[in-house]
Amino acid sequence: EMSEYDGIIGKVGKREKLENPARVAELDPAGTLKRIGFHAGQTLCDIGAGGGLFSLAAVGLGAKTVWATDTDPDILADLKARASSLPNLQTLLIDGDAYPVADESADWILLVTTLHEVAEKEVLLYEMRRMLAPDGTVCLIEFIKARTPMGPPPEHRLGAQDVEKLFSREGFYKVSEFQLGENFYCQTYRL
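The structure presented is a predicted model; accordingly, all values stated were derived computationally and were not measured.

Novice: How should I be thinking about the sheet that holds strand β5 (residues 132–143) in this particular structure?
Specialist: To summarise the sheet geometry, strands pair through backbone hydrogen bonds and adopt either a parallel or an antiparallel arrangement. A sheet is described by the order of its strands in space; here seven strands give the open sequence β3-β2-β1-β4-β5-β7-β6, paired in mixed fashion. Looking at strand neighbours, the two that pair on one side only are β3 (89–93) and β6 (173–180), the edges of this open sheet. Taken over all neighbouring pairs, the strand axes of this sheet differ in orientation by 15° on average, direction set aside. Looking at chain direction, strand β2 (residues 65–70) and β3 are connected through five bridges and run parallel. By the bridge assignment, A68 is partnered in β3 with T91. Each of β1 (43–47), β2, β3, β4 (106–112) and β5 touches helix α4 (residues 53–60); the most contacted strand, β2, lies at about 175° to it. On top of the sheet, helix α7 (residues 160–169) reaches β5, β6 and β7 (184–190); it is set at about 15° to β7, its chief contact.

Here you go:
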């Protein structure tokens, strides 16, 4: 049984785990971005970008600017090296709660299987509210809160209703929700 949750994922194999073909097929980065309404000329802040699956897909769809953020310097350095010919993709190492992204500058904020790992969720939502452009949208993808073929144990997951309660407490309203394969759900939120 493949599990993405090994406590803190070791340096070796993190990108391979995040880019497992079955996981990538279900997440369908470019297809999912199109489905939520992302289009060329927009800006996107990818929180917990990892190896850059969605960041690179957004660049491929004509993003004006993509800020790929992560707390892992090694995986971010790897992404920066792979994206060195892409001037509209900027990697940002996050240390602490603040994001070096200007106020109201992100048309999209993306959290792909990241929120369940964040200790200070309200602080992150406050930062997202600050970074989000007027009429901007947050897209969240998380593991369904059940035992599935991949992902952390159910007790480490956030159910769709829990996420919706958290976002609504912070002033967001849900725009859409749909399932991605058998492992993930996707929700979009606006202010």
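Novice: It is not clear to me how the side chain of D46 should be interpreted in this structure. Could you clarify?
Specialist: As for its placement among the helices and strands, D46 is situated in strand β1. Salt bridges are absent for the buried D46, whose nearest opposite-charge side chain, R23, sits at 9.8 Å. For D46, the side chain forms a polar contact with the side chain of S55, separated by 2.8 Å. Those residues in contact with D46 that lie beyond four places of it in its chain are F54, S55, W67, A68, T69 and L110.

Definitions and cut-offs
Residues numbered from 1 in each chain as written. Predicted model: local features only at pLDDT ≥ 70, side-chain atom pairs only at ≥ 80, totals over all residues. Heavy atoms only, no water. Pairing = 2+ DSSP bridges. Helix = DSSP H or I, 4+ residues; strand = E, 2+ residues; numbered from the N terminus. Axes fitted to C-alpha atoms, helices over the stretch in contact; angles between N-to-C directions. Contact = heavy atoms within 4.5 Å. Buried < 20%, exposed > 50% of the residue type's maximum accessible area, 1.4 Å probe, protein only. Lys, Arg positive; Asp, Glu negative; His and termini not counted. Salt bridge = Lys/Arg side-chain N within 4 Å of Asp/Glu carboxyl O. Polar contact = N/O pair within 3.5 Å; in protein donor to acceptor, adjacent residues only side chain to side chain.

Read these as spatial facts, not as claims about activity.
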